Each structure stands twice: as structure tokens, then as C-alpha cells.
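The primary structure of each chain is shown beneath.
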Amino acid sequence: MSLGFSVSGRIGKPVADVFDAVVNPKKLSGYFTTIGGASAPLEAGAGVVWWGKVQVEVDEVVKDRRIVLRWVATDEDGKPAYKTRIEMNFEPLDDGGTFVTIAESGWQEGAVGLKKSYLNCEGWSQMLACMKAYLEYGINLRDGYYRSEMKGEPANETNI
């Protein structure tokens, strides 16, 4: 058995706008990968870099429906150990909004996997809140959100 979680929320914009805010590197960098940016659009088979250093592998992109990514999880010493899987689903709502669900799975059982999954759950929850503020109100909530980012450094598990 592996550890995983799911977070979700409603964004008050059409699914095409919400989906584009994730796959479009300029938009993603406006609310999530604000320090270091996103190197390229999310396209199936692509490798992109977020925050100037995090390698993201894009497994699947179904326009306006789903994005599947993988990235490295580290061991207790911070060394690459295995990959986790991120699945983002975009559901159009009758009111014109979009319900976004982000699930990440694949952490190894144990204290280290549990701690790291909790940190990523926090990060994805914060990403949804920042995306909502960015798309609905045009503001960047992430600016200065983490102590590290107040110093101009991307947040990671050791400096938030």
C-alpha cells in the first residue's frame, strides 16, 4: 500500500480558462511557480521544470479534462528515491465554474512518506487557493506566502 491524498475546490471560471491556467507556463508562474517559473507548457510526453529546479514529467493531458504528472519524492536525506503521481481533473459545473480535484499518490509507507505527503497536500491545497484568487480576482496570493519566498527562494520541504 502507498500513501496518497486528494484535494479539491471550485474555481468560478469556465473549465477552458482553469485548465489553461495550469498548462500555460506564463499563467502558472503568475500564481504557483512564481519563483523560477515553469519552463514549458504541459504537453503529454514532455519534461518541464517548475521553480527553476523541479523536474516534472507529463504523462497525460486531455484538454479541459485531465492532467497526469510524475515527479521525484525524496528519502529522509533529501535524495531522490522514487516518483509520485499527480492527477488533476477539471469538471465543468452547471453554474459556469470548474471543480478541480488534485490527487497525489505513491509515497512509500512510513514516517518519511507520511510527512512528505502531508507537505505536498498543503502545497496542492495552497495552489488551489492561489489559482482561485488569481483567476477570479487577478491577485497573486503566493507572493510572500512562505518565509522562503519572502527571501526570493522557492518553497521546499526544508525552508517553508
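Parameters at a glance
Residues numbered from 1 in each chain as written. Predicted model: local features only at pLDDT ≥ 70, side-chain atom pairs only at ≥ 80, totals over all residues. Heavy atoms only, no water. UniProt positions renumbered as here; feature names shortened; annotations may be inferred. Helix = DSSP H or I, 4+ residues; strand = E, 2+ residues; numbered from the N terminus. Buried < 20%, exposed > 50% of the residue type's maximum accessible area, 1.4 Å probe, protein only. Phe/Tyr/Trp six-rings, centres within 6.5 Å; stacked < 30°, edge-to-face > 60°. Salt bridge = Lys/Arg side-chain N within 4 Å of Asp/Glu carboxyl O. Core = buried A, V, L, I, M, F, W, Y, C linked by side-chain atoms within 4.5 Å. Contact = heavy atoms within 4.5 Å.

1. Focus on the UniProt feature "domain: Activator of Hsp90 ATPase homologue 1/2-like C-terminal" (unreviewed entry) in the chain
Within this structure's numbering, the places UniProt gives as "domain: Activator of Hsp90 ATPase homologue 1/2-like C-terminal" (unreviewed entry) are residues 14-136. End C-alpha to end C-alpha, residues 14-136 measures 11 Å, and it is 32% helix and 37% strand.

2. Observations regarding unusual backbone geometry
Despite not being glycine, Trp 51 shows a phi value in the positive range, around 60 degrees. Relative to the helices and strands, Trp 51 resides in the loop between β2 (47-50) and β3 (54-62). With a phi angle near 65 degrees, Asp 64 is a residue other than glycine that sits in the positive phi range. Residue placement: Asp 64 occurs in the loop between β3 and β4 (66-74). Exposure remark for Asp 64: the relative accessible area of 17% places this residue in the buried category.

3. Overview of the packing of aromatic side chains
Inspection of every chain in the model, using the stated rule, returns eleven aromatic pairs. Plain terms: the ring middles of Phe 19 and Phe 90 are 5.1 Å apart, the flat faces sit at 75 degrees to each other, and that makes the pair edge-to-face. Taken together, the residues span a long stretch of sequence, with Phe 19 in helix α1 (residues 15-23) and Phe 90 in strand β5 (residues 80-92) at a distance of 71 residues. Assessed through its relative accessible area of 4%, Phe 19 is described here as buried. Phe 90 sits in the buried class, given a relative accessible area of 2%. Members of the aromatic cluster, connected to one another through ring pairs, are Phe 32, Trp 50, Trp 51, Trp 71 and Trp 124.

4. Examining the pattern of salt bridges
The final tally for this structure, using the stated rule, is nine salt bridges. Put simply, Asp 95 and Arg 10 hold a salt bridge, and the shortest N to O gap is 3.0 Å. Of this pair, Asp 95 sits in the loop between β5 and β6 (98-107) while Arg 10 sits in strand β1 (residues 3-11), and the two are 85 residues apart along the sequence. For Asp 95, a relative accessible area of 51% puts it in the exposed group. Note that Arg 70 is salt-bridged to Glu 57, the shortest N-O span being 2.8 Å. Here Glu 57 lies in strand β3 and Arg 70 lies in strand β4, a separation of 13 residues in the sequence. By relative accessible area, which is 29% here, Arg 70 ends up partly exposed. On the accessibility criterion, Glu 57 (26% relative accessible area) is partly exposed.

5. Quick word on the nonpolar core
Counting residues in each nonpolar core, the largest one holds 37 residues, and the members touching the most others are Trp 50, Met 88, Trp 124, Met 127 and Met 131. For this core, the secondary-structure elements that each account for two or more residues are β1, α1, β2, β3, β4, β5, β6 and α3 (111-137). If we ignore the near neighbours within four places in the chain, the residues touching Met 131 are Ile 11, Val 18, Ala 21, Val 22, Tyr 31 and Val 100.

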